[in-house]
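# Observations on the three-dimensional arrangement
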2 protein chains.
Amino acid sequence: MDPDTVAKAFVEHYYSTFDANRAGLVNLYQDSSMLTFEGQKIQGSQNIVTKLTSLPFQQCQHGITTVDCQPSGAGGMLVFVSGNLQLAGEQHALKFSQMFHLMPTPQGSFYVLNDIFRLNYA
Amino acid sequence: MDPDTVAKAFVEHYYSTFDANRAGLVNLYQDSSMLTFEGQKIQGSQNIVTKLTSLPFQQCQHGITTVDCQPSGAGGMLVFVSGNLQLAGEQHALKFSQMFHLMPTPQGSFYVLNDIFRLNYA
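Residues numbered from 1 in each chain as written. Chains lettered and ligands numbered in written order. Predicted model: local features only at pLDDT ≥ 70, side-chain atom pairs only at ≥ 80, totals over all residues. Heavy atoms only, no water.

This paragraph deals with the overall build of chain A. Along chain A, the regular secondary structure elements total two helices and six strands. For chain A, the α and β elements follow one another from N to C terminus as α-β-β-α-β-β-β-β. Its C-alpha radius of gyration of 14 Å places chain A within 12% of the 14 Å reference for a compact globule of 122 residues. For chain A, the C-alpha atoms occupy an extent of roughly 40 × 30 × 25 Å along the three principal directions. A buried classification covers 51% of the 122 residues belonging to chain A. Within chain A, residue pairs in contact and separated by at least 24 positions form 44% of the contacts whose partners lie at least 6 positions apart. As presented, chain A carries roughly 5900 Å² of accessible surface, and 52% of it is formed by carbon and sulfur atoms. Separation of charge centres in chain A, based on 6 positive and 9 negative side chains, amounts to 8 Å. (Helix = DSSP H or I, 4+ residues; strand = E, 2+ residues; numbered from the N terminus. Rg over C-alpha atoms; globule rule 2.2 N^0.38 Å. Buried < 20%, exposed > 50% of the residue type's maximum accessible area, 1.4 Å probe, protein only. Contact = heavy atoms within 4.5 Å. Areas by Shrake-Rupley, 256 points an atom, 1.4 Å probe, with all protein chains shown as cover. Lys, Arg positive; Asp, Glu negative; His and termini not counted. Charge placed at Lys NZ, Arg CZ, Asp CG, Glu CD.)

See below:
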């Protein structure tokens, strides 16, 4: 599979899991994984998922606008996403940008080593 | 210097060079460098600077809103930026997001291995 196809498949899997069962994201991170969420730095899969599941909204729906990817060296892949985040009960969607650094696992899959998320305030 | 300080210094240098003398950015890239600009993939310092200097505006001013950074492994550093791009003669600034993967040089400095840029359309 070419990198763009892998990136798009990852992004679809990530956000559909986020929207349906946020706790299920734990499998995409490892102990070395880092998340910077709106400037807050969090490390390790459990801490990251604790943060994501404690965000102050229950239901949400991500819409993807763009997905760009590049090889990062050493087998890794950088994935850069822009999109919209619709929170349940809110009239207007929020715009966001997010980047992931995916690293290969011995099983031939990928995990998220780096994750940086920002809302783009209008 | 801590990574956040390095990232902020890089970002200030990058955008002040972009706004004052775009051709001077050539020193920040190498032959292996990749730029994805609004979805268009470009490789190599000369090709990248040719793209940046041929953008359809002469004068611009970047304003930085947020800078986040994380170590990417293997001595590299991921820098994620959001900000505003004011083009000369335009009333409204454009919002953008950009990520850089900085890699160390033997001289103790950094070059840009990966660069992904997107405008955030309202």
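According to the stated counting rule, one finds 19 aromatic pairs over all chains in the structure shown. Ring geometry for F37(A) against F117(A): centres 4.8 Å apart, planes inclined by 5°, an arrangement best described as stacked. Linking F37(A) in strand β1 (residues 29-37) with F117(A) in strand β6 (residues 110-119), this pair joins segments that are 80 residues apart in sequence. Where F80(A) meets F80(B), the ring centres are 5.9 Å apart and the plane angle is 40°; that geometry is what we call tilted. Remark: F80(B) occurs in strand β4 (residues 76-87) and F80(A) occurs in strand β4 (residues 76-87); the pair is interchain, linking two chains. Owing to a relative accessible area of 0%, F80(A) belongs among the buried residues under this scheme. (Phe/Tyr/Trp six-rings, centres within 6.5 Å; stacked < 30°, edge-to-face > 60°.)

Residue and element names in this part refer to chain B. Strand direction decides the pairing type here: strand β3 (residues 60-73) and β4, joined by twelve bridges, are antiparallel. Of the residues in β4, the one forming a bridge with Q61 is Q86. As consecutive antiparallel partners, β3 and β4 are separated by two residues, and within that stretch A74 has a phi angle of approximately 55°, a positive value. (Pairing = 2+ DSSP bridges.)

Attention now goes to the relation of the copies chain A and chain B. The two copies are related by a screw operation: chain A maps onto chain B through 180° of rotation and 0.0 Å of translation along the axis, at an RMSD of 0.0 Å. In symmetry terms, the pair is related by a two-fold rotation axis. (Least-squares fit on C-alpha atoms with pLDDT ≥ 70 in both.)

Quick look at the side chain of H101(B) now. Structurally, H101(B) can be placed in strand β5 (residues 94-104). Side chain to side chain, H101(B) and S72(B) meet in a polar contact 2.7 Å long. Setting aside residues up to four positions removed in sequence, H101(B) forms contacts with S72(A), L78(A), S72(B), G76(B), M77(B), L78(B), Y111(B), V112(B), L113(B) and N114(B). (Polar contact = N/O pair within 3.5 Å; in protein donor to acceptor, adjacent residues only side chain to side chain.)

Residues and elements named next belong to chain B. Taking 1.5 Å as the rise per residue, helix α1 (residues 3-20) with 18 residues should run 26 Å; its terminal C-alpha atoms sit 26 Å apart, in good agreement. Those residues of α1 lying buried are V6, A7, F10, V11, Y14, Y15, T17 and F18. One side of α1 holds all its buried residues, which, seen down the axis, span an arc of 155°. In α1, the exposed positions angled more than 90 degrees off the buried face are occupied by E12 and A20. Next to the buried residues of α1 lie β1 (29-37), α2 (45-53), β3, β4, β5 and β6 (110-119). (Expected span 1.5 Å × (residues − 1). Arc of directions from axis to C-beta.)

When the charged atoms of two side chains lie near each other, side chains of opposite charge can form a pair. Summed over the entire model, instances satisfying the criterion amount to four salt bridges over all chains. Its salt-bridge partner being D68(A), residue R118(B) comes within 2.8 Å of it at the nearest N-O pair. In this pair, R118(B) sits in strand β6 while D68(A) sits in strand β3 (residues 60-73), so the two residues belong to two different chains. Take R118(B): its relative accessible area is 13%, and that puts it in the buried class. Classification of D68(A) as buried rests on a relative accessible area of 5%. (Salt bridge = Lys/Arg side-chain N within 4 Å of Asp/Glu carboxyl O.)

Geometric values such as these leave the question of function open.
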